[in-house]
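# Residue-level structural notes
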Amino acid sequence: MNWYDDPKYSFYWKNYNDFTKNDPKTEQFLKNYNKVFDASKKAHSETMKLLREIKWNDVKYNPKNSIENEVKEEFEFEIDPETIKFYEESFKYKRERRKERKKKLSKSELKPMTGEQLNLFTQESSTNAPLEMVGKEREEELKLMYGNKAKEIQYLETTLQMIHDKNYDIYLPKYWPSFPLRIKFN
């Protein structure tokens, strides 16, 4: 028994059939679908007929030969000299950075840091009034880009940003991983 013949789906099929009877687009779609389905059925039957006619005893298959042929194939892969130069430079830069890090770690032992060193106390108080009008530069920038519609676009941007922030706070999405391309040059 097929899943679509199952009695628990009868309600679905009843509604589906009622819908398809009343929709002229559906009739045309079903006609086209049936044509394509019949054509694919015919092609499948012809293929199966050809496969039955093949004398399989005459066909010899040696898996070792096919594997060797696959291995012997050469792949051509060209990389621009600029790309190679870029990767070499980035590799050198990474090597230098590692050396610098190792030097810093070896020189400095773990020492307790003060709040001033961590920049905890250097931030301005948020209770003070801003010195300039908030968003003035942004308004001028939008005015240059969008003209008379600048206010509407700013409203739309703000609305979208608020929706994004709200959803971000609700769902707390994980960051998508970004893995660096690692090519080793010896």
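### Comments concerning the overall build of the chain
A tally of regular secondary structure across the chain gives 6 helices and 0 strands. Along the chain, helices (α) and strands (β) appear in the sequence α-α-α-α-α-α when read from the amino end. Counting over 186 residues, the chain shows a buried share of 3%.

### Comments concerning the confidence of the model for the chain
Summary statistics for the chain give a mean pLDDT of 76 and a share of 68% for residues scoring 70 or more. Within the chain, no element has a lower average pLDDT than helix α3 (residues 63-72), which sits at 53, and none a higher one than helix α6 (residues 150-171), at 91.

### What about the pattern of salt bridges?
Counting across every chain of the model gives 5 salt bridges. We note a salt bridge from Arg 138 to Glu 157, for which the minimum N-O separation is 2.4 Å. Taken together, the residues span a long stretch of sequence, with Arg 138 in helix α5 (residues 136-146) and Glu 157 in helix α6 at a distance of 19 residues. Residue classification places Glu 157 among the partly exposed residues on the basis of a relative accessible area of 31%. Overlapping salt bridges bring together Arg 138, Glu 141 and Glu 157 as one network.

### As for the packing of aromatic side chains
Taken as a whole and assessed by the stated rule, the structure comprises 2 aromatic pairs. Centroid distance Tyr 12 to Trp 13: 5.0 Å. Interplanar angle 70°. Geometry classified as edge-to-face. Trp 13 gets classed as partly exposed once you look at its relative accessible area, which sits at 26%.

### A word on unusual backbone geometry
Despite not being glycine, Leu 172 has its phi angle at roughly 45°, a positive value. Inspection of the secondary structure puts Leu 172 in the segment after α6.

### Regarding a nonpolar patch on the surface
Among the surface-exposed residues, Tyr 9, Tyr 12 and Tyr 16 lie close enough to one another that they form a single nonpolar patch of about 290 Å² accessible area. Looking at the element boundaries, Tyr 9 is found in the segment before α1 (10-22).

### Considerations on α6
The terminal C-alpha atoms of α6 lie 31 Å apart, and with 22 residues this matches the ideal 32 Å at 1.5 Å per residue to within 8%. Leu 172 occupies a position one or two residues after α6 and carries a positive phi of about 45°.

### Topic: the packing of α5 against α6
Packing of α5 against α6 brings their axes to within 9 Å, and their N-to-C directions diverge by 120°. By the angle between their axes, α5 is oblique relative to α6. The crossing of α5 and α6 is right-handed. In contact with Arg 138, Glu 139, Leu 142, Lys 143 and Tyr 146 of α5, α6 contributes Ala 150, Lys 151, Ile 153, Gln 154 and Glu 157. A per-class count over the contact of α5 with α6 returns 4 nonpolar, 1 polar and 5 charged.

How each quantity is defined
Residues numbered from 1 in each chain as written. Predicted model: local features only at pLDDT ≥ 70, side-chain atom pairs only at ≥ 80, totals over all residues. Heavy atoms only, no water. Helix = DSSP H or I, 4+ residues; strand = E, 2+ residues; numbered from the N terminus. Buried < 20%, exposed > 50% of the residue type's maximum accessible area, 1.4 Å probe, protein only. pLDDT = per-residue confidence, 0-100. Salt bridge = Lys/Arg side-chain N within 4 Å of Asp/Glu carboxyl O. Phe/Tyr/Trp six-rings, centres within 6.5 Å; stacked < 30°, edge-to-face > 60°. Patch = residues over 30% accessible without salt bridge, like charges linked within 9 Å, V, L, I, M, F, W, Y side chains within 5 Å. Areas by Shrake-Rupley, 256 points an atom, 1.4 Å probe, with all protein chains shown as cover. Expected span 1.5 Å × (residues − 1). Axes fitted to C-alpha atoms, helices over the stretch in contact; angles between N-to-C directions. Parallel < 35°, antiparallel > 145°, perpendicular 65-115°, else oblique. Left-handed = near helix turned anticlockwise from the far one by under 90°. Contact = heavy atoms within 4.5 Å. Nonpolar A, V, L, I, M, F, W, Y, C, P; charged D, E, K, R; others polar.

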